[in-house]
Every structure is written in C-alpha cells, then in structure tokens.
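Coordinates in review
One letter stands for each residue in the lines below.
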Protein chains: 2
Amino acid sequence: DLWDICCELALGLPALSRVAICGGTHGNELSGVYLLRELQKSRQEEAPDSVALVTVMSNPRAVQQCRRYTETDLNRCFTDATLSSPISDRTPYEIVRAQELNALLGPKGSADAVDLVCDLHNTTANMGLCFISYSDCDWICLHICRHLQARASDSMEIGPQPHGVIRADIMGIMAEGVRLMLDWVCRFNSGEQFKGDKMEVYTLVRNVDYPRDPATHSIIAAIHPQLQDRDFCLLHHGDPLFLHFSGKTECYPWAEPLYPFFVNEGAYYEKGIALSLAHKNTVGIPPICVKSSRRN
Amino acid sequence: DLWDICCELALGLPALSRVAICGGTHGNELSGVYLLRELQKSRQEEAPDSVALVTVMSNPRAVQQCRRYTETDLNRCFTDATLSSPISDRTPYEIVRAQELNALLGPKGSADAVDLVCDLHNTTANMGLCFISYSDCDWICLHICRHLQARASDSMEIGPQPHGVIRADIMGIMAEGVRLMLDWVCRFNSGEQFKGDKMEVYTLVRNVDYPRDPATHSIIAAIHPQLQDRDFCLLHHGDPLFLHFSGKTECYPWAEPLYPFFVNEGAYYEKGIALSLAHKNTVGIPPICVKSSRRN
C-alpha cells in the first residue's frame, strides 16, 4: 500500500551535532539530579565522538533545597514571553535561570540552539519510563522513543518514585534510557537509516482536578483505589475516579473512553490536576537518515 | 508459670480522660492532614462520651506550604530545653509553635497534660501501619498496638506513600487505626479488663547513613534494589545494602543480624539516615484495667 511505498523513501534530516542532557529542572526529582552528576563525572570517556554533549543542572538552587522550585516552576518559564521578559531585582530566580539556560542552550528556535534537549524527570504517578514530546510529528523524538521501546529492559515494570527519594531501580532504567538515546543519536549521525513504522502515542485531551470544597478550595476526595497506579488503562463511563473522604465514589462522567495518565502526581495538586486524559492515536513515522555530516 | 500467675493480677491505670489527635506535624504528610480535617468535621457526632477529644493541626504553616516544616523540624522541638527556651523575633516558627502546642496539650509531663497523644505520620518507607512509642513499657500504647494488630484489616499490605500525595488506601487504613485506638480507649475507660500478652517490638540499635563523597558530602549510592521496600526483613552479614552509582554493591558489614526499618525515607536524607536497624524483642505486657473513673 501507499505506506509501504513511502517507507522506502528515507527523509533526510540534519545531524544532531549538539545534544543537551538536563537534570534537576525540578530540584526534588532525584533520579535526574544524581544521573546528571554521574554523567558529568564520566562523560569524558563515554561521549560518542559524533556528538557534542552538554550536561546541565537546570535548577541548582532548587536542587540544593531539594524542592521542585524556589519561587516559580522553572519548567513553565520557557515560553517566548518569559524568555524575553525584562529582569529586575524582584524577578523570580527561575525566570532569571530560564533566560540563562536559553543563552546556554539556545536561543530557542535559533540556528545556535542545541539540536536535542533530553530533560530528565520523575513522577509519583505509575507511568513507567515515559517519553514526553510536544509534537506528534517530531520524527527524531518518535524514532528515539521507538528505539527505547524496542530495547529498554522491563521499563514498564518500574513503579513510581516519591519526590525527594532515589530508587536504584528507577535510576537504573533512566540511565539505560539515556544510554539508548545517545546510542541512537550516534547511529543516526553516522549514517544509519531507520525504517518507518507505526507508533501508538497518547495525546492530551483534558486535565481533571480533584473535587474541592467550593468555599475553602480544599481537596475533598482522593484518587479512587481502583484507579490509583493504573495509568494508561482505558477509563469508561461509570468507572470509579475519586473516593470522597465522606465515603462516596465519584465516577468517570464522560461517554467517550479515554486513557488516564499523571494519576496522582504530587506536584500537580497545586496546579489543579488530579489526572490527565488522553486519546490513543496511531502515528505513522517516516523512515529517516542523516542529510549531511555537517551541521545544516 | 510465673507469667500466667502475673496475668491474673490486672494493673490499675488512670482513665484516659483527654486524648489528642494531631495531624500535619509534618505538613507534607497528607493522610494525617486530611484525616484530621475529616475528624474536625465529624467528631461532634462520633466522639465517645467517656473521652474528651482534642484535634490539632500541629503545623498549619507547613501544611499551607505542603512542606515538612518551614524553618526547623517541629517533631524535634518537643525536648524540655526547646520547650522552655526564650522566644525572640528570630525564633524559628516551629519552636514558637511547639511552645503553643505544649500550652494547649501539656505542659508536658504535668497533671494538666492530655493523657494520650496520637500523632499521625506518613513515610516513603514500606513500613505498613506502624506504631511508634518511645518506651517499651508504656502499657497503654502497647495494649492499643495489640488491639490494632488483632483487628486492623490487611494493614501490612499497605505500601509507602510519597510526601505531598494522598493515597485513598493509606488514608483508609489510617482512619481505621484511629477508630480502633478510640474504640480501645473507650472500652478501657468504661472498665473493660485487657489480658496480658507477649508482643514483638522492634527497638532501635543504630541509624545508617548513605555512602557519601567525603569532599562534597553528596550521596554516592542508593538503597540496594534487594533491600528497597523490605522493611522488617532480617539482614545478615553480606546482604546487599547499597548500590553505588558506580555499580558497586556495598553489603551489610555487621556480624549480628538486625531488622531494617525506615528504609529510604525521603525526609531522612537531610538527617543522614538511609535506614535504621533494630533488634526484635519480645515484651511481656501485663493485664490492665482502669483504676478509677475519675482523673488520677
């Protein structure tokens, strides 16, 4: 069929000459913090020749305090507006730091920017080794994700991790993910052609907040035990969603079945997100290869 | 034998006229925070007649910020020295608050103090429903613990909880524990006699820190995957203790087997505790009954 024919024509994409690995964007997500420190110790020996690797501790002040952030969430500061906002004495630390990171790794969207940023996070949700991309047609990210899916050992068996805690198993799988990502980049830069494929991706439809007291805004229910730890398990109309502290069960109210993720992420209580809901889509990814050994 | 004879003589102890239930002593341990709010809504109807119940949100400022504490750990402020230290403008909030709590529930050790304090906590360690008492001859606490052991459903199946997160299952078992505690106090006050018994208790021997870099004091190893989540499982010489980020396994170095607990508690990284080690002891608890219906 048409798909098979398309797969024979590999799309040429520029080499990934400069790759950034960032840890500690959230200072209490410790796998990335400690993995980054290990990479900074060892990368001299291990960095593949075809890639210039930049390792960055994104929010050292939050890491120092073992908190998500000190004044505002750094991972919400990379909009064009925030990156270009004027700095004063009262500018939150994270906005200043976002502009520093943009100078170091960007400017975002410019020819001077690094070609790939791998930002390491943890979650208290049971999402396994999870790859988040802001586009379903970023072929580099999708090919890397497919590479990890095919090779990462038992990644989906890994449980959630509390913030402020290191679990050796989760740090191990994150280290394997980073190694496989660099392995893919190295193969790509050296001219290997990657076949086209179809992939399943989850696309955000909406976020759902906890039930709250209208007067105090305090939470009055927890994620239902039947939903807790069941990220990516399809929810149907009438399935339990919340268990109110009063004992009442609140059910999934929508007709359309959707997939839950970020179920009970600790850092999202303040953002008003108890869980997110997604469509599962199949995306066709084209075969790709490097267009040139020099930077485009 | 002698024990059986002793068991026929019930020890008379004063009634527990005033009981305090405290939540939010650590502001990000959310089961106690939300359970306390529920108790404060409903206690008018449910408080047993024979007990005057006081419910206290211990550290409201830390609860507000969803942090363990704002300036210093409140749960380390109840020493006689701290409770009697002079207050100035620069005194940490938690020391001021500890003195307020001592005025409300104490003074500690005085005849005016409440008869029992039940302080609700969570841990990221896999310790199940766990009862911590600072004495192995506090017969009231040990009898309440035995009451819970005999009646609490599947308490040891409950996993750890990240700080800053509510899990409905863990909140449910904590609610059951509080209900059983009040049930026991009510029975005790109304004259029920409780049999003597032998109980297994774990007594702290020493705390063990994470391996650290001597220069930076940074952690260089995580709890070994074979020890993670295995609280109260006996450790022998040579069992894996830590997995260094370098890949090296560090083993239990002592000849005497001991029981690990508080394995990988997130709040203890800053205290230099990776795990605690305990002896298991058998303690004989005497039969008890209330000495008098009036306060002693």
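Note that the structure is a prediction, hence the values are computed from the model and not measured. (Residues numbered from 1 in each chain as written. Chains lettered and ligands numbered in written order. Predicted model: local features only at pLDDT ≥ 70, side-chain atom pairs only at ≥ 80, totals over all residues. Heavy atoms only, no water.)

**Description of the pairing of strand S7 (residues 240–244) of chain A**
Where burial is concerned, most of S7(A) is hidden: four out of the five residues are buried. Counting the residues in the hairpin turn of S7(A) and strand S8 (residues 249–251) of chain A gives four residues, including A:Gly247, whose phi is positive at 105°. (Buried < 20%, exposed > 50% of the residue type's maximum accessible area, 1.4 Å probe, protein only. Helix = DSSP H or I, 4+ residues; strand = E, 2+ residues; numbered from the N terminus. Pairing = 2+ DSSP bridges.)

**Notes on the relation of the copies chain A and chain B**
If you rotate chain A by 180° and push it 0.0 Å along the axis, it lands on chain B with an RMSD of 0.0 Å. Within this description, the copies of the chain are treated as partners about a two-fold rotation axis. Considering only C-alpha atoms, the part of chain A nearest the rotation axis is A:Pro162, at 2.3 Å. In this assembly, 100% of the residues forming the interface of chain A have copies in chain B that are likewise at the interface, indicating an isologous arrangement. (Least-squares fit on C-alpha atoms with pLDDT ≥ 70 in both. Contact = heavy atoms within 4.5 Å.)

**Concerning the packing of aromatic side chains**
Applying the stated rule across the entire model yields 22 aromatic pairs over all chains. The structure contains a cluster of three or more aromatic residues connected by ring pairs, namely A:Tyr202, A:Phe232, A:Tyr259, A:Phe261, A:Phe262 and A:Tyr268. Against the face of B:Tyr93 rests B:Arg61, its NZ or CZ located 4.0 Å from the ring centre. (Phe/Tyr/Trp six-rings, centres within 6.5 Å; stacked < 30°, edge-to-face > 60°. Lys NZ or Arg CZ within 6 Å of the ring centre and 35° of its normal.)

**As for the environment of A:Val96**
Residue and element names in this part refer to chain A. Inspection of the secondary structure assignment puts valine 96 in helix H5 (residues 93–105). Given a relative accessible area of 26%, valine 96 falls into the partly exposed group. Taking the C-alpha atoms as reference points, valine 96 and alanine 150, 54 residues apart in sequence, are found 39 Å from one another. With near-sequence residues (within four places) excluded, valine 96 lies in contact with Ile87 and Thr91.

**Considerations on the UniProt feature "binding site: Zn(2+)" (unreviewed entry) in chain A**
Residues and elements named next belong to chain A. Sequence positions flagged by UniProt for "binding site: Zn(2+)" (unreviewed entry) are, in local numbering, His26, Glu29 and His121. Spatial clustering of the annotated residues is evident: they stretch over 96 residues in sequence, but the largest pairwise C-alpha distance comes to 7.3 Å. Positionally, histidine 26 belongs in the loop between strand S2 (18–23) and helix H2 (30–46). Looking at histidine 26, the relative accessible area reads 3%, which means it is buried. (UniProt positions renumbered as here; feature names shortened; annotations may be inferred.)

**A look at the sheet that holds strand S5 (residues 197–208) of chain A**
Residues and elements named next belong to chain A. Within the open sheet, the three strands sit side by side as S5-S10-S9. Their pairing is antiparallel. Each of the sheet's edge strands pairs with one partner strand only, and the pair in question is S5 and strand S9 (259–261). Put simply, the sheet's adjacent strands are angled 45° from each other on average, direction ignored. Relative to strand S10 (residues 275–285), S5 runs antiparallel, the two being bridged by 11 bridges. Looking across to S10, one finds that valine 201 is bridged to asparagine 281. Contacting S5 and S10, helix H6 (residues 139–151) crosses the sheet at an angle of about 95° to S10. (Axes fitted to C-alpha atoms, helices over the stretch in contact; angles between N-to-C directions.)

**A look at the sheet that holds strand S2 (residues 18–23) of chain B**
All names here are of chain B. An order of S3-S2-S4 is seen for the three strands of this open sheet, with the pairing classed as parallel. With partners counted over all chains shown, the strands left at the sheet margins are strand S3 (52–57) and strand S4 (116–119), one partner each. The average undirected angle you get between the axes of adjacent strands in this sheet is 20°. Contacts between helix H5 (residues 93–105) and the sheet are confined to S2 and S3, with S3 contributing the most and set at about 170° to the helix. Each of S2, S3 and S4 touches helix H7 (residues 168–189); the most contacted strand, S2, lies at about 170° to it.

**With respect to the packing of helix H6 (residues 139–151) of chain B against H7(B)**
Residue and element names in this part refer to chain B. Between H6 and H7, the least distance of the axes is 9 Å, while the angle of their chain directions is 125°. The orientation of H6 with respect to H7, classified from their angle, is oblique. The two elements H6 and H7 cross, and the hand of that crossing is right-handed. Along the contact surface, H6 presents Ile140, His143, Ile144, His147, Leu148 and Arg151, while H7 presents Glu176, Gly177, Leu180, Met181, Asp183, Trp184, Val185, Arg187 and Phe188. Tallied by class, residues from the contact of H6 with H7 come to eight nonpolar, three polar and four charged. (Parallel < 35°, antiparallel > 145°, perpendicular 65-115°, else oblique. Left-handed = near helix turned anticlockwise from the far one by under 90°. Nonpolar A, V, L, I, M, F, W, Y, C, P; charged D, E, K, R; others polar.)

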